[in-house]
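# Survey of secondary and tertiary structure
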Amino acid sequence: MLARGNGRSYGDASLNARQVLDTRGLDRLVDFDAIGGVLVCEAGVLLAEVIDVMLPRGWFPPVTPGTRFVTIGGMIASDVHGKNHHGAGSFCEHLLWIDLATGDGEVRRCSRDNHADLFAATCGGMGLTGAILTCAFRMLRVETGMVRQRTVRAPTLAHALATFEEAMDWTYSVAWIDCLAGGRSAGRSAIMLGEHARVDELPSGRRATPLARPVRRIKSIPVDLPGFVLSRASVSLFNRVYYAAQRAGDALVNIDPYFYPLDTLADWNRIYGRRGFTQFQCVLPLDASQAGLGTMLRLIRDKGQASFLAVLKRLGQESFGPLSFPRPGYTLALDFPATPANLALMAELDAVTAAHGGRIYLAKDACAQASTVAAGYPRLDAFRAVRQQYGLDTRFSSLLSDRLNL
Ligand SMILES: Cc1cc2nc3c(=O)[nH]c(=O)nc-3n(C[C@H](O)[C@H](O)[C@H](O)COP(=O)(O)OP(=O)(O)OC[C@H]3O[C@@H](n4cnc5c(N)ncnc54)[C@H](O)[C@@H]3O)c2cc1C
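Read on for a plain summary of the structure. Keep in mind it's a predicted model, so treat the numbers as computed, not measured.

Criteria and cut-off values
- Each chain has its residues counted from 1, running along the sequence as written.
- pLDDT decides what is reported in this predicted model: residues at 70 or higher carry local features, side-chain atom pairs at 80 or more are listed and counted, and totals for whole chains, interfaces and linings draw on all residues regardless.
- Only hydrogens and water are set aside when side-chain values are computed; all heavy atoms of the structure are taken into account.
- Near residues are defined by distance, with any heavy atom within 4 Å of the molecule or strand qualifying the residue.
- For the purposes of these results, a polar contact is taken to be a pair of N or O atoms within 3.5 Å, where, inside protein, one atom must be able to donate a hydrogen and its partner to accept one; residues adjacent in sequence count only when each atom of the pair is a side-chain atom.
- Calculation of accessible area relied on Shrake-Rupley with a 1.4 Å probe; when residues are assessed, cover is drawn exclusively from the protein chains displayed.
- Helix and strand assignments come from DSSP, with helices taken as H or I runs of at least 4 residues and strands as E runs of at least 2, each series counted from the N terminus.
- When residues are sorted by character, Ala, Val, Leu, Ile, Met, Phe, Trp, Tyr, Cys and Pro go into the nonpolar class, Asp, Glu, Lys and Arg into the charged class, and all the rest, Gly among them, into the polar class.
- One requirement defines pairing of two strands: DSSP has to find at least two bridges between them.
- Contacts: residue pairs with any heavy atoms within 4.5 Å of one another.
- The axes used here are C-alpha line fits, helices contributing only the stretch in contact, and every angle between their N-to-C directions lies in the interval 0 to 180 degrees.
- Paired rings are identified among Phe, Tyr and Trp, the last through its six-membered ring, by centres lying within 6.5 Å, and are further divided according to the angle between planes into stacked (under 30 degrees), edge-to-face (over 60) and tilted (the rest).
- Two limits define a charge over a ring: the Lys NZ or Arg CZ must be within 6 Å of the ring centre, and within 35 degrees of the ring normal.
- Only buried residues count toward a nonpolar core. Its members are Ala, Val, Leu, Ile, Met, Phe, Trp, Tyr and Cys residues joined through side-chain atoms within 4.5 Å.
- To sort residues, take the accessible area from a 1.4 Å probe on protein chains only and compare it with the maximum for the residue type: under 20% means buried, over 50% means exposed, and anything in between is partly exposed.
- Left-handed is the label given to a crossing in which the near helix is rotated counterclockwise from the far helix by less than a right angle, and right-handed is the label when the rotation is clockwise.
- By definition here, a salt bridge exists when the distance from a side-chain nitrogen of Lys or Arg to a carboxyl oxygen of Asp or Glu is within 4 Å.
- Each helix should span, by expectation, one fewer than its residue count multiplied by 1.5 Å.
- Arc, as used here, means the arc of the directions from the helix axis to the C-beta atoms.
- A 1.4 Å probe that fits into a set of points on a 1 Å grid over the protein atoms alone but cannot get out defines a cavity; an open set with protein on both sides within 12 Å along at least five of seven lines defines a pocket, and lining residues are those with an atom within 4 Å of a point.
- Grid points are joined across faces, edges and corners, and a volume is the space filled by probe spheres set on the points.

## Quick look at the site of the ligand
Looking at the ligand, there are 35 residues lining it, with A3, R8, S9, T71 and Y361 nearest. Contacts to the ligand include N6, whose backbone N or O atom sits 2.9 Å from an oxygen atom. For the ligand, an oxygen atom lies 3.0 Å from a polar atom in the backbone of A13. Summarising the interface, the protein chains cover 96% of the accessible area of the ligand, which totals 960 Å² for the free molecule. Sorting the residues of the shell around the ligand by element identifies β1 (2-4), α2 (72-77) and β8 (131-138) as the ones contributing at least two each. In terms of residue class, the shell around the ligand is built from 16 nonpolar, 15 polar and four charged.

Encoded structure:
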């Protein structure tokens, strides 16, 4: 069987042809220690629910992915990274313990001191070590619900990478990258740096209620858009306009649009039409990033059908989970309409990833080769050994683990 969270992984990670356990019923916040900032909750609680309850009290998740609509169990199983990975590490760095149902009738409390091997394998273990039932993690103290954002325009890829390196002291950094621009503009990006704003930085009208969040109207896309909407020409035009519209400088922005820009658009996947879309995400080692990213951008420009959502981030230290994705370097994430041409392109991007010593993010993957994935995860054998030791390899599997022989 396999535990499933809110189904926000892009490929087949939360699917299984036999039995899937829907964990959304495990939805209770159990305890909060306001001195240490430790939250205990069940694994099916949504990150959105944690933020709704905890932000008004001055607490924010230590690490957050680009959507709030994930479960805490899903965040642990993918060991998610955020815009602060270069400083704060991945989510499981802040995880104290989990209660894990291992399918043999036991529920084991796992931590760095107790069943440490099982704890590490579950952090980023894509649900293949059992079902997480409850967990405890440390939250981050914040004074306000706003972020002080600095936008930097980088006219080339080299400028973008240099800006990230100079901005290592900023808590958050992320870039939108124009992957269709060529020539001297190849790799041009808008980099958004961020810090949680202090109360004294807010406009006077917001200081009385610094933790309030304006209500965001959720809009939806009522129909599947036809394929031509995302043509190369339209995306190229969108990118040009978007890049030109990015004003360099500082601004105060609300937490939601800074961290979760897509969350206001329900069913945003319908932009890609009925054939759907798929995502590619890799991380390349620091010393290979500029060459590897340059090659990828060239391939996408020459062969890709269009990706307007292209995100670049700087990752910090390698995570302790043997199947965890983050490692030092640059991670590029791209959405592509699922056309035969783009699927062929993704195979080429996989090959470039492997050639530069990089790795593919399992939570985003739908079509990588088992050999590419194995090459990128040198501790895969250690992961497999833990699964065998506890008999988990005969109890838990997913379409992803079947496809990639994990
Ligand atoms: C718009 C968007 C932006 C994103 N941005 C980021 C980002 O910035 N950084 C990042 O790292 N990821 C990002 N992601 C990916 C997302 O954070 C992960 O895929 C996450 O795992 C999804 O959580 P979920 O609850 O939907 O889990 P699901 O998709 O349901 O499952 C994901 C995996 O977790 C396992 N799992 C779920 N619950 C449990 C449990 N209770 N016990 C054991 N295993 C479990 C499943 O078996 C599966 O392998 C993004 C996704 C979207 C849609």
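## Comments concerning the sheet that holds strand β11 (residues 172-177)
Sheet strands pair via backbone hydrogen bonds, and the direction of the pair is either parallel or antiparallel. In space, the eight strands of this open sheet follow the order β14-β10-β12-β11-β17-β18-β16-β19, with antiparallel pairing throughout. In the strand order of this sheet, the two ends are held by β14 (249-254) and β19 (359-360), each with one partner. As defined by bridge partners, strand β10 (residues 146-154) adjoins β14 across six bridges and the pair is classed as antiparallel. Bridging from a neighbouring strand, T151 pairs with G249 of β14. Its contacts with the sheet place helix α5 (residues 157-166) against β10, β11, β12 (189-196), β17 (310-315) and β18 (329-337), and it is angled at close to 40 degrees to β17.

## Section: the packing of aromatic side chains
A full pass over the atoms with the stated rule returns twelve aromatic pairs. Site record: aromatic cluster; members linked through ring pairs are F60, Y172, Y258, F259 and Y260. Looking at K83, its charged tip hangs above the ring of Y258, at a distance of 5.7 Å from the centre. The ring of W97 carries R109 above its face, with NZ or CZ at 3.5 Å from the centroid.

## Regarding the sheet that holds strand β3 (residues 29-33)
Strand order across the open sheet formed by five strands is β3-β4-β8-β6-β7, with antiparallel pairing between neighbours. Looking at which strands have only one partner, the edges of the open sheet turn out to be β3 and β7 (107-111). Between one strand axis and the next, the sheet turns through 15 degrees on average, direction left out of account.

## Brief notes about the nonpolar core
Counting residues in hydrophobic clusters, the biggest one holds 99 residues, and the most contacted among them are I72 and L312. Of all hydrophobic cores here, the second largest spans seven residues; its members include L180, L230, V235 and W268.

## With respect to the packing of α5 against helix α8 (residues 286-303)
Look at α5 against α8: their axes get within 11 Å of each other, and the N-to-C directions meet at 145 degrees. Handedness of the crossing formed by α5 with α8: right-handed. For the pair α5 and α8, the contacting residues are L157, A158, L161 and E165 in the first and L286, Q290, L293, G294 and L297 in the second. Tallied by class, residues from the contact of α5 with α8 come to six nonpolar, two polar and one charged.

## Brief notes about the pairing of β12
Within β12, eight of the eight residues are buried, which leaves it mostly tucked inside the rest of the structure. Side chains S189, I191, L193 and E195 of β12 all project onto a buried face; the interleaved residues A190, M192, G194 and H196 project onto the opposite face, where all are buried too. Sheet analysis places β11 next to β12, joined by six bridges and oriented antiparallel. If you follow W176 over to β12, its bridge partner there is A190.

## Observations regarding the environment of R359
Locating R359 in the fold gives a position in strand β19. Taking C-alpha positions, R359 is 5.4 Å from C282, a pair spaced 77 residues apart along the chain. If we skip the residues at most four places from it in the chain, R359 touches Q281, C282, V283, E318, S324, F325, P326, R327, T353, G376, Y377 and P378. A polar contact is formed between the side chain of R359 and the side chain of E318, at a distance of 3.1 Å.

## Things to note about the pattern of salt bridges
The final tally for this structure, using the stated rule, is 21 salt bridges. For D52, the salt bridge identified is with R213, shortest N-O distance 2.8 Å. With D52 in helix α1 (residues 47-54) and R213 in the loop between β12 and β13 (219-220), the pair connects residues that are 161 residues apart, well separated along the chain. The exposure class assigned to R213 is partly exposed, which follows from its relative accessible area of 24%. A network of salt bridges, in which partner residues are shared, links D52, R68, R213, D256 and D263.

## Some details on helix α9 (residues 340-355)
In a regular helix each residue adds 1.5 Å, so 16 residues correspond to 22 Å; α9 covers 23 Å between its end C-alpha atoms and thus fits that length. If you check which residues of α9 are buried, you get N342, L345, M346, L349, D350, V352 and T353. For α9, the arc enclosing every buried residue in end-on projection is 160 degrees, short of the 170-degree limit, so these residues lie on one face. Turned more than 90 degrees away from the buried face of α9, the exposed residues are P340 and A355. On the buried face of α9, the contacting elements are β16 (277-285), α8, β18, β19 and α10 (370-376).

## Quick word on empty space enclosed by the protein
In the structure shown here, the tally under the stated rule is one cavity of 30 Å³ or more. Taken as a whole, the largest cavity spans an internal volume of roughly 50 Å³. For the largest cavity, the full set of lining residues is Q279, F280, Q281, M346, D350, I360, Y361, K364, D365, C367 and A368. Contributing elements (two or more residues each) for the lining of the largest cavity: β16 and α9. Per-element accounting of the lining of the largest cavity gives the leading share, three residues, to β16.

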